[in-house]
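Residue-level listing of the chains:
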Amino acid sequence: MATVLAVRHWTESLLSFRVSRMPGFRFTPGHYARLGLVGLDRSAVWRPFSIVSAAHDPYLEFFAVLVPGGAFSDALSAIREGDSMRIENNSYGFMTVDRFVPGEDLWLLASGTGLGPFLSILHDPHTWQCYRDLVLVHSVRHARDLAYREEIAAIAQKASTIASGARFAYVPVVTRERCAGALPSRIPCLIEDGRLQSSAGSSLDPRRSRIMVCGNPEMARELRALLTARGFRANRRGQPGELAFENYWQPAPLRT
């Protein structure tokens with residue numbers, strides 16, 4: 001059983017929360033954990049959530065969207081500091097940098113709360129040792145949904161001091177309103193017309209680029225088809241490739 005240490009509401013439907021880390025809990029950046037809360041019917045409701053925090057942090061942090069009428073969301077919306085939460089002892093997942101064939105550029109393509117595991121990956125010094133260029137793309141519907149911008153800026157600043165020669169680019173994408181400094185279309189469209197690559201200052205080339213995708217299933221399906229047609233291969237068990245997808249997704253009310 002873990003204790004809720006802090007809760008932050010980014011918007012009416014987005015929140016992040018930190019919980020105490022159980023002794024011996026280990027994870028690789030990119031992994032997810034299964035969390036349990038007591039629902040309205042007093043039974044335990046379990047859901048997978050990617051871990052946002054760094055592997056060395058003394059706490060575990062998660063980023064979530066509240067789905068109206070969702071059994072877990074109803075319980076999650078009521079959590080407060082000091083409350084208890086169940087966490088399975090193991091972490092899970094295959095979306096980790098060590099599953100790629102060697103490359104030079106790492107692209108992290110996220111929509112909504114799919115941003116979460118990429119923050120953990122960017123906190124890992126091993127990531128910066130493996131790649132020369134790192135690009136984080138975060139697509140949301142409204143500008144207010146661009147969470148963690150201060151932390152992303154801190155990651156960029158830290159990278160400039162610890163990663164000799166590494167370059168980091170953050171590309172926000174807002175699809176339903178104009179936002180200064182953000183691209184205005186969905187990620188697949190931005191790749192097709194080249195605006196994403198231009199904004200990031202890097203190309204998408206299967207000979208050097210490695211791509212992780214986490215977010216809306218529709219976006220993931222479009223990107224799988226688009227990038228496969230461009231020569232990228234998805235990671236498979238025992239067969240490293242150039243593409244990795246998160247295999248679970250929490251349903252969200254927004255299409256990004």
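Calculation criteria
- Residues numbered from 1 in each chain as written.
- Predicted model: local features only at pLDDT ≥ 70, side-chain atom pairs only at ≥ 80, totals over all residues.
- Heavy atoms only, no water.
- Helix = DSSP H or I, 4+ residues; strand = E, 2+ residues; numbered from the N terminus.
- Rg over C-alpha atoms; globule rule 2.2 N^0.38 Å.
- Buried < 20%, exposed > 50% of the residue type's maximum accessible area, 1.4 Å probe, protein only.
- Contact = heavy atoms within 4.5 Å.
- Areas by Shrake-Rupley, 256 points an atom, 1.4 Å probe, with all protein chains shown as cover.
- Core = buried A, V, L, I, M, F, W, Y, C linked by side-chain atoms within 4.5 Å.
- Lys, Arg positive; Asp, Glu negative; His and termini not counted.
- Salt bridge = Lys/Arg side-chain N within 4 Å of Asp/Glu carboxyl O.
- Pairing = 2+ DSSP bridges.
- Axes fitted to C-alpha atoms, helices over the stretch in contact; angles between N-to-C directions.
- Expected span 1.5 Å × (residues − 1).
- Arc of directions from axis to C-beta.
- Disulfide = S-S within 2.5 Å.

> So what exactly am I meant to see when it comes to the overall build of the protein chain here?
A tally of helices and strands in the protein chain yields seven helices and eleven strands. Its C-alpha radius of gyration of 18 Å places the protein chain within 12% of the 18 Å reference for a compact globule of 256 residues. Based on the C-alpha atoms only, the size of the protein chain along its principal axes is roughly 50 × 40 × 35 Å. Looking at the protein chain residue by residue over its 256 residues, the buried ones come to 54%. In the protein chain, the share of contacts with a sequence separation of at least 24, taken over all contacts with a separation of at least 6, comes to 72%. For the protein chain, the accessible surface area stands at approximately 11,600 Å², while carbon and sulfur atoms represent 49% of it.

> Explanation requested: the nonpolar core in the structure shown.
It is characteristic of soluble globular proteins that their nonpolar side chains tend to be buried jointly. Leu106, Leu115, Phe118, Leu122, Leu134, Leu136 and Met212 are the most contacted members of the largest nonpolar core, which has 28 residues in total. Elements supplying a minimum of two residues to this core: strand 5 (59-65), strand 7 (105-111), helix 2 (116-122), strand 8 (133-140), helix 4 (149-162) and strand 10 (209-214). No other element matches the four residues that helix 2 contributes to this core. Discounting residues that sit within four places of it in the chain, Met212 has contacts with Met95, Thr96, Val97, Phe100, Trp107, Leu108, Leu109, Phe118, Ile121 and Ala244.

> Where do I start with the environment of Gly30 in this structure?
You can see Gly30 is positioned in the loop between strand 2 (14-20) and strand 3 (32-38). Excluding residues that lie within four positions of it along the chain, Gly30 makes contacts with Met95, Pro117, Ser120, Ile121 and Glu246.

> Can you walk me through the side chain of Glu246 in this structure?
Structurally, the position occupied by Glu246 is in the segment after strand 11 (243-245). Buried and without a salt bridge, Glu246 has Arg224 as its closest oppositely charged side chain, separated by 10 Å.

> Please clarify how the environment of Arg149 should be interpreted in this entry.
Here Arg149 shows up in helix 4. Between the C-alpha atoms of Arg149 and Val67, which are 82 residues apart in sequence, the distance is 23 Å. Leaving out residues up to four positions away in the same chain, Arg149 has contacts with Tyr170 and Pro172.

> Sorry if this is basic, but what is going on with the sheet that holds strand 2 here?
Whether parallel or antiparallel, the strands of a sheet pair through hydrogen bonds between backbone atoms. Taken together, six strands build an open sheet; the order of strands is 4-3-6-1-2-5 and the sheet is antiparallel. Either end of the sheet is taken by a strand with one partner, and the two such strands are strand 4 (44-50) and strand 5. Put simply, the sheet's adjacent strands are angled 35 degrees from each other on average, direction ignored.

> What is the right way to look at the side chain of Thr127 in this model?
Here Thr127 lies in helix 3 (residues 125-130). What Thr127 contacts, discounting residues up to four positions off in sequence, is Val97, Leu106, Ile121 and Leu134.

> Explanation requested: helix 7 (residues 217-229) in the structure shown.
Residues separated by three or four positions in an α-helix point in the same direction, a consequence of the helix having 3.6 residues per turn. For helix 7, which comprises 13 residues, the first-to-last C-alpha distance of 18 Å matches the rise-based estimate of 18 Å (1.5 Å per residue) to within 8%. Within the span of helix 7, buried status applies to Met219, Ala220, Leu223, Leu226 and Leu227. One side of helix 7 holds all its buried residues, which, seen down the axis, span an arc of 135 degrees. Away from its buried face by more than 90 degrees, helix 7 exposes Arg221 and Ala229. Looking at the buried positions of helix 7, the neighbouring elements they touch are strand 7, helix 5 (187-192), strand 10 and strand 11.

> Just to check I follow, could you spell out the sheet that holds strand 7 for this structure?
Pairing is parallel across the open sheet formed by five strands, whose spatial order is 9-8-7-10-11. At either margin of the open sheet sits one strand with a lone partner, and together these are strand 9 (167-174) and strand 11. Ignoring which end each strand starts from, the neighbouring axes of this sheet average 15 degrees apart. Of the strand pairs in this sheet, strand 7 and strand 8 are connected by seven bridges, and their pairing is parallel. Opposite Trp107, over in strand 8, you have Val135 as the bridge partner.

> How do you make sense of the state of the cysteines when you look at a structure like this?
By definition, a disulfide links the sulfur atoms of two cysteine residues through a covalent bond. Scanning all chains against the criterion turns up zero disulfides. The thiol of Cys130 is unpaired, and the distance to the nearest cysteine sulfur, on Cys214, comes to 20 Å. This cysteine, Cys214, is not joined by any disulfide, and Cys189 carries the nearest cysteine sulfur, 20 Å off.

> Whenever I open this one, the environment of Ala55 confuses me. Can you help?
Tracing the sequence through the fold places Ala55 in the loop between strand 4 and strand 5. Classification of Ala55 as partly exposed rests on a relative accessible area of 34%. Put simply, Ala55 and Gly70 are 15 residues apart on the chain and 29 Å apart in space, counted from C-alpha to C-alpha. Leaving out residues up to four positions away in the same chain, Ala55 has contacts with Arg21, Phe27 and Pro29.

It is worth stressing that arrangement in space is one thing and function is another; only the former is reported here.
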